[in-house]
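Read off the chains here:
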Amino acid sequence: MRSSNPVFSRRGFSRDNGYAGFNTAPQAGYAPQGNPYAQNPYAQNPYAQQGVGAPPQAPVTTDRMTMDDVVVRSAMTLGTVAVGAVLAWALLPVSATSYGLAVGSAIVAFVLAMIQSFKRTPVPALILGYAAFEGVFLGVISEMYNSRWSGAPFQAVLGTMAVAGATLLVYKAGWIRVTARYARMGLAIAMAFMVVMAINLLLVAFGVAENGGLRSFGPLGAAVGIFAILLGAFFLTLDFKQIEDGIAYGAPRNESWLAAFGLTMTLVWIYVEMLRLVAIFTNND
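So, here is what we can say about the structure in this document. All values reported here derive from a predicted model rather than from experimental measurement.

Rules used in this analysis
Residues numbered from 1 in each chain as written. Predicted model: local features only at pLDDT ≥ 70, side-chain atom pairs only at ≥ 80, totals over all residues. Heavy atoms only, no water. Helix = DSSP H or I, 4+ residues; strand = E, 2+ residues; numbered from the N terminus. Buried < 20%, exposed > 50% of the residue type's maximum accessible area, 1.4 Å probe, protein only. Contact = heavy atoms within 4.5 Å. Areas by Shrake-Rupley, 256 points an atom, 1.4 Å probe, with all protein chains shown as cover. 1 Å grid on protein atoms, 1.4 Å probe; cavity = no way out; pocket = protein on both sides within 12 Å on 5 of 7 lines; lining within 4 Å. Points joined across faces, edges and corners; volume = space filled by probe spheres on them. Nonpolar A, V, L, I, M, F, W, Y, C, P; charged D, E, K, R; others polar. Salt bridge = Lys/Arg side-chain N within 4 Å of Asp/Glu carboxyl O. Expected span 1.5 Å × (residues − 1). Arc of directions from axis to C-beta.

### Examining the overall build of the chain
Within the chain, the regular secondary structure consists of seven helices and zero strands. Taking all 285 residues of the chain together, the buried fraction comes to 49%. Sequence-distant contacts in the chain: of pairs separated by 6 or more residues, those separated by 24 or more amount to 78%. A total of about 13,700 Å² of accessible surface is found on the chain, and carbon and sulfur atoms cover 68% of it.

Structure follows, in structure tokens:
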């Protein structure tokens with residue numbers, strides 16, 4: 001199971017109505033009594049033992065991923081982010097040096113995340129390392145925002161919790177059905193968004209676009225921020241679907257680390273966008 005975030009490749013689950021396996025059946029030579037994680041044409045490590053149309057049944061193994069595993073690993077990764085953020089906030093005063101440290105931490109976090117994304121199995125040290133450096137980055141920028149817009153980080157945390165809770169409620173109620181078409185369209189939109197943001201960054205860096213361009217602290221920036229938060233909610237639905245399928249098809253227990261990794265990245269995405277959005281609306285008050 002890979003993270004649902006756009007910078008990562010993703011493993012899917014073979015399921016006749018699921019999105020990730022894209023209705024693919026197990027390969028020829030598949031033996032239910034042999035390797036329970038036989039490959040299919042799309043996924044590197046799918047977990048279904050059934051044929052097309054069969055109900056989900058977990059493989060017979062005592063080392064299967066459970067919801068408790070996902071909750072515990074997610075608490076560990078998010079807790080590491082929180083500890084890193086608190087320490088950075090408390091120990092690093094707002095300055096050019098701390099800003100440089102935030103950028104450096106973000107780069108290290110990105111590198112660790114990319115290394116993990118290319119590995120076939122989760123490495124807890126890489127995932128927790130990513131969380132720690134991401135926490136330092138969030139702590140520094142949160143302090144910077146708070147020094148200018150008092151209370152913005154707290155409001156952003158509440159907003160992130162509200163988005164996550166509402167998305168989970170909508171997903172569990174069945175109002176959103178995560179299908180192959182849904183995933184393809186959403187990922188295409190997300191990739192287009194990232195390309196546009198990269199171009200905007202280059203235009204700002206070369207002085208072509210002023211005041212941040214599309215990421216300005218005005219109405220246009222607010223609209224872009226809201227759209228980015230909606231994309232974050234979309235990635236949460238993919239994370240929820242992958243967790244649900246992983247448990248249903250008996251994914252190995254260590255795959256819960258990747259579930260926690262994906263959730264952490266998505267929540268960080270939403271928090272950063274929410275922080276900017278709070279600042280924009282505070283500016284316009």
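### Topic: the layout of surface pockets
Taken as a whole, the largest pocket holds about 1,700 Å³ of empty space. Taken together, 36 residues make up the lining of the largest pocket; nearest its centre are Phe137, Leu201, Arg215, Val272 and Glu273. Where the lining of the largest pocket is concerned, the elements lending two or more residues are α2 (96-117), α3 (124-148), α5 (180-205) and α7 (256-283). Tallying contributions element by element places α2 first for the lining of the largest pocket, with eight residues. For the lining of the largest pocket, a count of residues per class yields 28 nonpolar, three polar and five charged. Approximately 510 Å³ is the volume attributed to the second largest pocket. Around the second largest pocket, the lining comprises 20 residues; the ones closest to its centre are Val81, Ala82, Leu138, Val157 and Tyr271. If you list the elements that add at least two residues to the lining of the second largest pocket, you get α1 (67-91), α3, α4 (152-172) and α7. For the lining of the second largest pocket, the element with the highest residue contribution is α4, accounting for seven residues.

### Some words on the pattern of salt bridges
All told, the structure shown has four salt bridges when counted by the stated rule. Its salt-bridge partner being Arg215, residue Glu273 comes within 2.7 Å of it at the nearest N-O pair. Of this pair, Glu273 sits in helix α7 while Arg215 sits in the loop between α5 and α6 (219-248), and the two are 58 residues apart along the sequence. Pair check on accessibility: Glu273 and Arg215 agree, each one buried. Taking the shortest distance from any N to any O, the salt bridge between Lys241 and Asp245 comes out at 3.7 Å.

### What to know about α4
In this model, α4 (21 residues) spans 30 Å end to end at C-alpha, consistent with the 30 Å of a helix rising 1.5 Å per residue. Turning to α4, its buried residues number three or more, namely Ala152, Pro153, Ala156, Gly159, Thr160, Val163, Ala164, Thr167 and Tyr171. Down the axis of α4, the buried side of the element spans an arc of 130 degrees, and every buried residue falls inside it. Turned more than 90 degrees off the buried face of α4, the exposed positions are Phe154, Met161, Leu169 and Lys172. On the buried face of α4, the contacting elements are α1, α3, α6 and α7. Gly174, located one to two residues past α4, shows a positive phi value of around 80 degrees.

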